[in-house]
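# Structure assessment
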Amino acid sequence: MELDPDDIFKDEEDDSDSEFYQERESSKEFVVYLVDASPKMFNTTCPGEDQKNETHFHIAVSCIAQSLKTQIINRSSDEVAICFFNTREKRNLQDLNGVFVYNVAEREYLDRPTARLIKDFDCIEESFMKDIGSQCGIVSGSRENSLYNALWAAQALLRKGSSRTADKRILLFTNEDDPFGSMKGAAKADMKKTTLQRAKDAQDLGISIELLPLSQLDEGFNVSLFYAELMGLEDDDVAQFMPSSGQKLEDMKDQLRKKIFAKRIVKRITLFIANGLSIELNTYALMRPTTPGAIMWLDSVTNRPLKTERSFICADTGALMHEPTKLFQSYKNENIMFSMEELSEVKRVPIGHLRLLGFKPLSCLKDYHNLRPSTFVFPSDKEVVGSTCIFIALHRSMLRLQRFAVAFCGTSSHPRLVALIAQDEIVSAGGQVEPPGMHMIYLPYSDDVRHIEEFHSESNVSVPRATDGQIKKAADLINRIDLKDFSVCQFANPALQRHYATLQALALEEDEIPDCKDETLPDEEGMARPRVVKAIEEFKLSVYGDKYDEESSSMGNGKANEASRKRKAAAENAANESANYDWADLADNGQLKDLTVPELKLYLTANNLPVSGKKEALVSRILTHMGK
């Protein structure tokens with residue numbers, strides 16, 4: 001088999017199997033949603049999305065349902081379990097009272113979320129009281145401790161896998177800040193002690209316990225009564241804990257989303273400094289474009305994933321090749337043979353880690369050196385003890401001396417230089433805004449840098465310059481339409497939202513596809529404000545003058561003017577043809593759908609409306625324009 005040089009030494013950006021972008025197995029998460037089902041969760045209400053009062057149980061279930069829909073798209077490899085405690089019925093591996101593990105057929109208790117699980121869980125409130133029931137599992141005079149049993153059952157569910165290969169978490173929903181409030185004396189102290197010990201045992205096994213409190217309107221959730229000790233919060237952590245964030249449904253969804261999307265390590269690398277000194281670093285991808293999931297081929301009968309196998313057949317004999325394939329490269333009329341092991345050694349140029357080369361002033365680093373999204377690095381003492389101390393010393397020195405580090409980095413196919421820029425911590429009244437650490441900037445090769453071309457190559461041609469008045473009008477316009485506190489995270493990709501909404505409707509057998517709001521469309525209402533319109537007109541007047549005609553401007557070339565004339569002619573023709581139809585009568589009698597697409601486009605073109613989309617979209621657009 002002949003070698004393909006482009007395949008051997010292809011760039012990292014073209015390598016879909018690049019180990020840097022492939023998340024490690026340890027980034028898989030096992031999550032147990034632990035929901036309090038006591039009567040207090042059903043009796044206490046707070047404002048929902050439509051300003052109607054919703055029970056705390058409804059809020060918890062709605063948040064989990066929304067989280068499952070998001071999780072099955074973003075992290076389909078994660079495994080989840082849903083567990084209720086303070087229940088009348090029981091179903092769990094240990095046969096403990098007051099604990100019910102919710103599940104559907106053909107699925108393990110802790111498994112990947114499925115469409116059937118999501119569909120059934122959406123309707124759980126309708127059948128909860130009948131099939132599962134609610135009761136208070138911790139009452140005075142009883143030895144039953146439902147919270148202890150729930151933590152035990154959740155810990156048993158998370159026995160699957162190792163803490164080295166998966167992150168394990170318990171997310172606890174409750175509105176009871178003192179679960180042992182009805183107990184007194186030695187019985188209360190004993191129950192509290194055993195429950196805290198059970199939580200500590202789970203944490204010793206690498207299981208983190210996180211609380212999502214639901215507050216009442218008249219009183220907040222006092223985490224200091226019990227749960228601060230259960231989660232191991234110190235005094236400073238308790239002060240920063242924000243229980244009031246769970247008062248509304250949207251707030252709780254936001255809190256759950258923050259906990260679900262935990263910071264996940266992309267890769268662990270080693271920074272070699274000098275004389276055998278090295279530190280361990282964790283790398284995080286702060287921002288990457290979201291892409292649709294990979295296509296999975298399924299069997300048409302069983303609906304199970306297909307496994308692709310490849311076999312090589314001898315062209316001469318037709319027999320299967322059982323020996324490992326060898327590649328060759330022609331050189332001077334001779335075929336040089338390569339084994340797969342030899343080819344791997346050829347491709348293994350760097351070691352895949354960082355090697356410090358030196359330091360340079362920050363002024364040497366230019367904006368155009370950052371050609372691709374950076375990576376955030378943070379120390380870790382998991383493998384190399386003392387990495388954090390060395391990293392802090394290096395970090396502080398770089399900040400004090402205004403230097404950045406230059407290091408050699410790269411995968412087996414794409415070695416390059418990187419710049420490590422120290423970032424200091426930024427804290428505001430609301431908490432930490434920017435964490436301390438370093439940004440790894442991927443420096444360009446020499447041929448990646450392009451020199452700016454001159455606007456005019458002829459020396460005798462004067463370059464147009466903006467006047468002070470034009471610059472002032474442009475600045476005024478920018479100030480008027482400037483978005484305050486802008487962030488790219490405020491806008492979702494409409495194409496992806498539509499794609500996943502369609503998948504959700506198909507998987508859950510929903511009758512209608514959920515509406516997706518396109519947040520990238522212009523703000524017509526905001527642009528129509530008098531001050532904004534005035535700023536736009538003043539800018540146009542200062543640049544083009546009062547006799548400027550956009551359609552027939554001589555600024556454009558002949559092709560642009562010809563296109564403008566064709567657009568005007570098409571619009572006039574569409575207006576004439578459209579006058580032959582009684583559009584109001586057609587709309588009232590529901591006969592628009594009987595027209596052809598070209599006929600519908602006549603109305604749209606005549607009224608300067610978009611003509612894209614299917615027939616149903618065109619009809620809807622006409623009805624909307626007519627106010628029907």
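Just so it is clear, the model here is predicted, and its values are computed rather than measured.

Attention shifts here to the pairing of strand E5 (residues 99-102). Across the two faces of E5 the burial is the same, with Val99 and Val101 and Phe100 and Tyr102 all buried. Of the strand pairs in this sheet, strand E4 (residues 79-85) and E5 are connected by four bridges, and their pairing is antiparallel. Paired with Phe85 across the two strands is Val99, which belongs to E5.

UniProt records the feature "domain: SAP" (unreviewed entry) at residues 592-626, using the numbering of this structure. With 63% helix and 0% strand, residues 592-626 has its two end C-alpha atoms placed 12 Å apart.

Let us now look at the sheet that holds E5. Two modes of strand pairing occur in sheets, parallel and antiparallel, and in both the strands are linked by backbone hydrogen bonds. Judged by pairing direction, the sheet is mixed, and its five strands sit side by side in the order E5-E4-E1-E6-E7 without closing on themselves. The two strands at the open ends of the sheet, each matched to only one other strand, are E5 and strand E7 (207-213). Pairs of neighbouring strands in the sheet enclose a mean axial angle of 25°, with direction left out of account. Across the sheet, helix H6 (residues 146-157) lies against strand E1 (28-36), E4, E5, strand E6 (166-174) and E7, angled at about 35° from E5, the strand it touches most.

Looking now at the side chain of Thr174. Counting through the fold element by element, Thr174 comes out in strand E6. Within the local environment of Thr174, its side chain forms a polar contact with the side chain of Asp36, the two groups lying 2.9 Å apart. Separated by 3.1 Å, the side chain of Thr174 and the backbone nitrogen of Glu176 make a polar contact. Beyond its immediate stretch of four places on either side in the chain, Thr174 contacts Asp36, Met41, Leu211, Leu212, Pro213, Leu214, Phe221 and Tyr227.

Side chains of Arg480, Arg529, Arg531 and Lys534 sit close together on the surface and give a patch of like positive charge. Relative to the elements of secondary structure, Arg531 occurs in helix H16 (residues 530-544). The class for Arg531 is exposed, based on a relative accessible area of 60%.

A word on helix H12 (residues 387-401). With 15 residues, H12 should reach 21 Å at 1.5 Å per residue; the first-to-last C-alpha distance of 21 Å fits that figure. Of the residues making up H12, those classed as buried are Ser387, Phe391, Leu394, His395 and Met398. The buried residues of H12 occupy an angular sector of 105° when the element is viewed end-on, so they sit on one face. Among the exposed residues of H12, those oriented more than 90 degrees off its buried face are Cys389, Arg396 and Arg400. In the segment just after H12, Gln402 is the residue with positive phi, at about 55°.

Turning our attention to a nonpolar patch on the surface. A contiguous nonpolar patch, built from Leu286, Met287, Leu483, Phe486, Val488 and Phe491 and spanning about 580 Å² of accessible area, is present on the exposed surface. Phe486 gets classed as partly exposed once you look at its relative accessible area, which sits at 48%.

What follows deals with the packing of aromatic side chains. Tallied over the entire structure, the rule returns eleven aromatic pairs. Ring geometry for Phe42 versus Phe57: centroids 4.4 Å apart, planes at 25°, classification stacked. Residue Phe42 is located in helix H2 (residues 39-43), and its partner Phe57 is located in helix H3 (residues 56-74); the two are separated by 15 residues in the primary sequence. Taking relative accessible area as the criterion, Phe57 reaches 1% and is therefore assigned buried. Aromatic side chains Phe57 and Phe128 sit 4.7 Å apart centroid to centroid with 50° between the ring planes, which places their arrangement in the tilted category. Placement of the pair is Phe57 in helix H3 and Phe128 in helix H5 (residues 124-131), with a sequence separation of 71 residues. For the pair Phe57 and Phe128, a shared accessibility class is recorded, and that class is buried. A connected cluster of aromatic rings, assembled from ring pairs, spans Phe42, Phe57, Phe84 and Phe128. Positioned above the aromatic ring of Tyr442 is the side chain of Arg372, whose terminal nitrogen or guanidinium carbon lies 3.9 Å from the ring centre.

With that settled, consider unusual backbone geometry. Residues other than glycine predominantly adopt negative phi, and peptide bonds predominantly adopt the trans conformation. Its identity is not glycine, yet Glu106 carries a phi of approximately 60°, on the positive side. Take Glu106: it is sitting in the loop between E5 and helix H4 (115-121). The backbone phi angle of Asn608 is positive, close to 55°, even though this residue is not glycine. Take Asn608: it is sitting in the loop between helix H19 (597-606) and helix H20 (615-626). Take Asn608: its relative accessible area is 69%, and that puts it in the exposed class.

Cut-offs applied
- Residues numbered from 1 in each chain as written.
- Predicted model: local features only at pLDDT ≥ 70, side-chain atom pairs only at ≥ 80, totals over all residues.
- Heavy atoms only, no water.
- Buried < 20%, exposed > 50% of the residue type's maximum accessible area, 1.4 Å probe, protein only.
- Helix = DSSP H or I, 4+ residues; strand = E, 2+ residues; numbered from the N terminus.
- Pairing = 2+ DSSP bridges.
- UniProt positions renumbered as here; feature names shortened; annotations may be inferred.
- Axes fitted to C-alpha atoms, helices over the stretch in contact; angles between N-to-C directions.
- Contact = heavy atoms within 4.5 Å.
- Polar contact = N/O pair within 3.5 Å; in protein donor to acceptor, adjacent residues only side chain to side chain.
- Patch = residues over 30% accessible without salt bridge, like charges linked within 9 Å, V, L, I, M, F, W, Y side chains within 5 Å.
- Areas by Shrake-Rupley, 256 points an atom, 1.4 Å probe, with all protein chains shown as cover.
- Salt bridge = Lys/Arg side-chain N within 4 Å of Asp/Glu carboxyl O.
- Lys, Arg positive; Asp, Glu negative; His and termini not counted.
- Charge placed at Lys NZ, Arg CZ, Asp CG, Glu CD.
- Expected span 1.5 Å × (residues − 1).
- Arc of directions from axis to C-beta.
- Phe/Tyr/Trp six-rings, centres within 6.5 Å; stacked < 30°, edge-to-face > 60°.
- Lys NZ or Arg CZ within 6 Å of the ring centre and 35° of its normal.

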